[in-house]
Amino acid sequence: MSAALSLDPPSEFELLRQGTAAFVLSLRERGVFDLNVLRAMETVPRDFFAPRRFADLARSDVALPIPCGQTMTAPAVVAAMLAALEVKPGQRILEVGTGTGYVTALLARIGAEVHTIERQPILAESAERRLQLAGFSRIKHVCGDGLEGGDTQGRYHRILLNGVLPYLSPALTSRLVAGGRLVGGAIQNGVPQLLTIFRDEEGDLSHAFGAPVRLSPLVACRHDP
């Protein structure tokens, strides 16, 4: 276990929860008004999930580098994605791209039943440890190809893609229940934009593009021939 995780995790987590009011206020000033999202961000300290070498930037609205060439998405973008997702307590959520586990924790704090997939074993293991240490013990973790649904079963009310899609797989959209929605990033007119896909009560799909977003590309796992 790394030195970064050798502190008393519950005490550290609770300590970092203090002083988040200014962080949440800054998000409100940037146009984030979804109360469920703001409450979750107020009670889940981004500091706990951010790399220690960037601790001084954890409560700033910036993306942070994490291992495996990935990034921890800027808070305002995370908030916009969660607001578009419209998560309700008790819903089944499939999250593609666990990263550090910060967004996973926000989804769980809102009250969702979260199944999260990460293709990088190092990130998957680290995120699982941090989430458990922070007290989030009812999350299903999978290491695999999230773009193909990973080793998960059933259908979901919501699917969150923490990155820009290289393609939209039917393996993902087929997991949406009637009335469900998928949120992620997609290239539109050469610019990454927020994408929301809806499945109506008849099972038909529609989509809408939102504001430009800064997200890392989602990459499929490589399979040996």
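Preceding this paragraph is the structure being described.
Everything numeric here is computed off the predicted structure, so don't read it as measured data. (Residues numbered from 1 in each chain as written. Predicted model: local features only at pLDDT ≥ 70, side-chain atom pairs only at ≥ 80, totals over all residues. Heavy atoms only, no water.)

Caption draft 1: Expanded view of the nonpolar core. Within the largest apolar cluster, 50 residues are counted, with the highest numbers of intra-cluster contacts made by Phe 49, Tyr 102, Leu 107 and Phe 136. When residues of this core are assigned to their parent elements, the largest contribution, eight residues, is made by helix H5 (residues 75-85). Other than its neighbours up to four places away in sequence, Phe 49 contacts Phe 13, Val 44, Met 72, Thr 100, Gly 101, Tyr 102, Ala 105, Arg 130, Leu 131 and Ala 134. Listed in part, the 16 residues of the second largest apolar core include Leu 94, Ile 159, Leu 195 and Leu 218. (Core = buried A, V, L, I, M, F, W, Y, C linked by side-chain atoms within 4.5 Å. Buried < 20%, exposed > 50% of the residue type's maximum accessible area, 1.4 Å probe, protein only. Helix = DSSP H or I, 4+ residues; strand = E, 2+ residues; numbered from the N terminus. Contact = heavy atoms within 4.5 Å.)

Caption draft 2: Region of interest: the sheet that holds strand S4 (residues 113-118). On the basis of which strands lie adjacent, the open sheet formed by seven strands has the order S5-S4-S3-S6-S7-S8-S9 and mixed pairing. Where the open sheet ends on each side, the last strands, each with one partner, are strand S5 (140-143) and strand S9 (205-212). Taking the axes of each pair of neighbouring strands and ignoring which way they run, one obtains an average angle of 15° across the sheet. Examined bridge by bridge, strand S8 (residues 191-199) and S9 share six bridges and lie antiparallel to one another. Note on S9: the bridge partner recorded for Thr 196 is Ala 208. (Pairing = 2+ DSSP bridges. Axes fitted to C-alpha atoms, helices over the stretch in contact; angles between N-to-C directions.)

Caption draft 3: Highlighting helix H2 (residues 21-29). The set of residues buried in H2 consists of Phe 23, Val 24 and Leu 27. Viewed end-on, H2 has its buried residues packed into an arc of 95°, placing them on one side of the element. In H2, those exposed residues whose orientation departs by more than 90 degrees from the buried face are Ala 22 and Glu 29. Contact partners of the buried residues in H2: helix H3 (35-43), helix H4 (46-49), H5 and helix H6 (102-110). Just downstream of H2, Gly 31 is the residue with a positive phi angle, here 100°. (Arc of directions from axis to C-beta.)

Caption draft 4: How the structure looks around the environment of Leu 176. Its location among the elements puts Leu 176 in strand S7 (residues 176-188). If sequence neighbours within four positions are ignored, Leu 176 has contacts with Arg 155, Tyr 156, His 157, Arg 158, Ile 159, Arg 181, Leu 182, Ile 197 and Arg 199.

Caption draft 5: Up close: the packing of aromatic side chains. If you walk through the whole model with that rule in mind, you get two aromatic pairs. Summarising the aromatic geometry, the rings of Phe 49 and Tyr 102 are spaced 6.1 Å apart at their centres and angled 50° between planes, so their arrangement reads as tilted. Pair noted here: Phe 49 is in helix H4 and Tyr 102 is in helix H6, with a separation of 53 residues, a long-range link. Take Phe 49 and Tyr 102: they sit in the same class, and that class is buried. Among the aromatic side chains, those forming a connected cluster through ring pairs are Phe 48, Phe 49 and Tyr 102. A cation over an aromatic ring shows up here: Arg 92 above the ring of Tyr 156, its NZ or CZ 4.5 Å from the ring centre. Sitting over the ring of Phe 48, Arg 130 keeps its end group 5.8 Å from the ring centre. (Phe/Tyr/Trp six-rings, centres within 6.5 Å; stacked < 30°, edge-to-face > 60°. Lys NZ or Arg CZ within 6 Å of the ring centre and 35° of its normal.)

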